[in-house]
Amino acid sequence: MSDPAVPTPSADARTAAVLTIDGPSGSGKGTISRLIASRLGWHYLDSGALYRGVGVAASWAGLDLADPAALVRCAFDAQIRFEDAADGELRVIVNGVDATDELRTETAGAAASAIAAVPEVRSALKERQRAFRRPPGLVADGRDMGTVIFPDAAFKVFLTASPDERAERRYKQLKDKGVSVIFDDLLREILARDARDANRAVAPLRPADDAVCIDTTGLGIDTVVERVLALVT
Ligand code: C5P
């Protein structure tokens, strides 16, 4: 099934440069990808927000997360838009409602991870993700950007960091947004989500064979940005 909402891309769009940045939760890929996209003046795809958006739309509609057919319909039907807010944040609008804050919670992450393991949901979102590829280039962040969605990307990076540091980063991020969380719970949830993402049958979390792997444990954001930019420029 193809998505009627996604226009057929032009030849220029199909061949535009792509930098894929994959990795587990809390590896810093969202922050790093946004900064790099802005430095290069390229477009940005937060593919996790699409999965989170479908999860939230499914939960608003009271759908059963164990019903693949309903989830696939939801993946095709959910209107998910990204808007650059004045504060530099990326707002995510789901079915006309600003769902940015709800999407950030670990509950939304866990729901996204559950539906992301359904092969038909992944296929339903394929074209939508590829439609983000446009000149002058795209930075795409996720789990399978380099392996499945943009296997022909010219530049591929896989970011990792120790589980403690990843949980610490997510903890700070959520705290800054005013979301109250218990560190040990967060660490456990992140490890469970990573295990499910890495062990699922379709598009598991893993570096592409031609990806450059960077362990960001103990590295500052600027250092990682410069290392990745050095691969592209
Ligand atoms: O990146 P983020 O934490 O927002 O992603 C939420 C969940 O969506 C991940 O845990 C993963 O299960 C799923 N996801 C995926 N493939 C992607 C991006 C996200 O399976 N390309």
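Residues numbered from 1 in each chain as written. Predicted model: local features only at pLDDT ≥ 70, side-chain atom pairs only at ≥ 80, totals over all residues. Heavy atoms only, no water.

1. Notes on the packing of helix 9 (residues 163-176) against helix 10 (residues 183-199)
Logical step 1: Helix 10 packs onto helix 9 with a crossing angle of 120° between their chain directions and a minimal axis gap of 9 Å. Overall, the two elements helix 9 and helix 10 adopt an arrangement that is oblique. Judged by the sense of rotation from one axis to the other, the crossing of helix 9 with helix 10 is right-handed. The residues of helix 10 that touch helix 9, namely those facing Pro163, Asp164, Arg166, Ala167, Glu168, Arg170, Tyr171 and Leu174, are Phe183, Leu186, Leu187, Ile190, Leu191 and Asp194. (Axes fitted to C-alpha atoms, helices over the stretch in contact; angles between N-to-C directions. Helix = DSSP H or I, 4+ residues; strand = E, 2+ residues; numbered from the N terminus. Parallel < 35°, antiparallel > 145°, perpendicular 65-115°, else oblique. Left-handed = near helix turned anticlockwise from the far one by under 90°. Contact = heavy atoms within 4.5 Å.)

2. Details of the packing of aromatic side chains
Logical step 1: If you walk through the whole model with that rule in mind, you get two aromatic pairs.
Logical step 2: Each ring, one from Phe82 and one from Phe132, has its centre 5.9 Å from the other, and the planes form 75°; the classification is edge-to-face. You can see Phe82 sitting in strand 3 (residues 80-84) and its partner Phe132 sitting in the loop between helix 7 (119-130) and strand 6 (137-142), a full 50 residues away along the chain.
Logical step 3: Their ring planes at 80° and their centres at 5.8 Å tell us that Tyr171 and Phe183 sit as a pair that is edge-to-face. Of the two residues, Tyr171 is situated in helix 9 and Phe183 in helix 10; the sequence distance between them amounts to 12 residues. (Phe/Tyr/Trp six-rings, centres within 6.5 Å; stacked < 30°, edge-to-face > 60°.)

3. Topic: the site of the ligand
Logical step 1: Taken together, 16 residues lie around the ligand, and Arg52, Arg122, Arg143, Arg193 and Asp197 are the ones closest in.
Logical step 2: Contact distances for the ligand include 2.8 Å between an oxygen atom and a side-chain N or O atom of Arg143.
Logical step 3: Coverage of the ligand by the protein amounts to 95% of the 450 Å² it exposes when considered alone.
Logical step 4: In terms of residue count, helix 3 (residues 47-60) provides more of the shell around the ligand than any other element does, four residues in total.
Logical step 5: Considered class by class, the residues forming the shell around the ligand number four nonpolar, four polar and eight charged. (Near = heavy atom within 4 Å. Polar contact = N/O pair within 3.5 Å; in protein donor to acceptor, adjacent residues only side chain to side chain. Areas by Shrake-Rupley, 256 points an atom, 1.4 Å probe, with all protein chains shown as cover. Nonpolar A, V, L, I, M, F, W, Y, C, P; charged D, E, K, R; others polar.)

4. So, the packing of helix 3 against helix 4 (residues 68-77)
Logical step 1: Two numbers describe how helix 3 lies on helix 4: the axes approach to 9 Å, and their chain directions differ by 115°. Helix 3 and helix 4 meet at a crossing whose hand is right-handed. On the side of helix 3, the interface is formed by Val54, Ala57 and Ala58, while helix 4 contributes Leu71, Cys74 and Ala75.
Logical step 2: A per-class count over the contact of helix 3 with helix 4 returns six nonpolar, no polar and no charged.

5. Structural notes on the sheet that holds strand 3
Logical step 1: Across the sheet, three strands lie side by side as 3-4-5; this open sheet has antiparallel pairing. Sheet topology places strand 3 and strand 5 (97-98) at the edges, where each strand pairs with a single neighbour.
Logical step 2: Taken together, the two bridges between strand 4 (residues 90-94) and strand 5 define a ladder with antiparallel strand orientation. Pairing of Ile93 across the sheet is with Asp98, part of strand 5. (Pairing = 2+ DSSP bridges.)

6. A look at the nonpolar core
Logical step 1: Core analysis: the largest hydrophobic core is formed by 35 residues, its most contacted members being Leu45, Val54, Val121, Leu125, Leu138 and Phe150.
Logical step 2: If you look at the next biggest cluster of nonpolar residues, it comprises 17 residues, including Ile21, Ile32, Trp42 and Val225. (Core = buried A, V, L, I, M, F, W, Y, C linked by side-chain atoms within 4.5 Å. Buried < 20%, exposed > 50% of the residue type's maximum accessible area, 1.4 Å probe, protein only.)

7. So, the environment of Leu125
Logical step 1: Within the secondary structure layout, Leu125 lies in helix 7.
Logical step 2: As a C-alpha pair, Leu125 and Phe150 span 25 residues in sequence and 13 Å in three-dimensional space.
Logical step 3: Non-local contacts of Leu125, meaning those with residues more than four positions away in its chain, are made with Leu50, Tyr51, Val54 and Ala75.

Shape is all these values report; function is a separate question.
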